[in-house]
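# Inside the fold
Residues per chain, in single letters:
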Amino acid sequence: MKHTPGPWRVSGLVTKAFHVLNKGGYLIASVSRASAYPKAHIHNARLNAAAPELMEALQDAISRLEGFIGSDCECDNTHANNNTQCCLCGYRAILERMK
């Protein structure tokens, strides 16, 4: 694991930003309240706080799909040529970006 273990939570006690904190109360991220989109800042902070759980769920989904269809995807990685991809390749790509 390369990230701080969860769970993470959002603290709105700061005036100019929402803070994402780990279970010990240490700062993981700070999300500015300044935004061109009303209320986007709190949703961005909540998305950040959910990251450890989302990563775990994604890893579980990949394992379950591999158990169901095997470790070879149904598209045989041909999506590079036609801009399509199976969900397994898509999930793997997202997971790689999270690492």
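This text follows the structure it describes.
Notes on the structure in this doc start here. (Residues numbered from 1 in each chain as written. Predicted model: local features only at pLDDT ≥ 70, side-chain atom pairs only at ≥ 80, totals over all residues. Heavy atoms only, no water.)

## Looking at the overall build of the protein
Rule in force here: The helix count covers DSSP runs of H or I at least four residues long, the strand count covers runs of E at least two residues long, and both are numbered beginning at the N terminus. Under the scheme applied here, a residue whose accessible area is under 20% of the maximum for its type counts as buried, over 50% as exposed, and between as partly exposed, the area being computed with a 1.4 Å probe on protein chains only. Working rule for contacts: check all heavy atoms of both residues, and any pair within 4.5 Å makes them a contact. Using a 1.4 Å probe, accessible areas were evaluated by the Shrake-Rupley method; residue-level cover was limited to the displayed protein chains.
Of regular secondary structure, the protein possesses four helices and three strands. By the burial criterion, 27% of the 99 residues in the protein qualify as buried. Taking contacts inside the protein between residues at least 6 apart in sequence as the whole, the part at least 24 apart equals 33%. If you sum the accessible surface of the protein, you get close to 7,200 Å²; carbon and sulfur atoms cover 53% of it.

## A word on the side chain of serine 11
Tracing the sequence through the fold places serine 11 in strand β1 (residues 8-11). Here serine 11 falls in the buried class, since its relative accessible area comes to 10%. Setting aside chain neighbours within four positions, we find serine 11 in contact with Phe18, His19 and Leu21.

## A few points about the pattern of salt bridges
Two side chains carrying opposite charge are able to pair once their charged atoms lie near each other. How we decide: The rule for a salt bridge is simple: a side-chain nitrogen of Lys or Arg has to be within 4 Å of a carboxyl oxygen of Asp or Glu.
The tally for this structure, following the rule as stated, stands at three salt bridges. A salt bridge links glutamate 66 to arginine 92; the nearest nitrogen and oxygen atoms lie 2.7 Å apart. Highlighted residues: glutamate 66 in helix α2 (residues 51-69) and arginine 92 in helix α4 (residues 87-98), separated in sequence by 26 residues. In this structure, glutamate 96 and lysine 99 form a salt bridge, with 3.6 Å as the shortest nitrogen-oxygen distance. Judged by its relative accessible area of 55%, lysine 99 falls in the exposed class.

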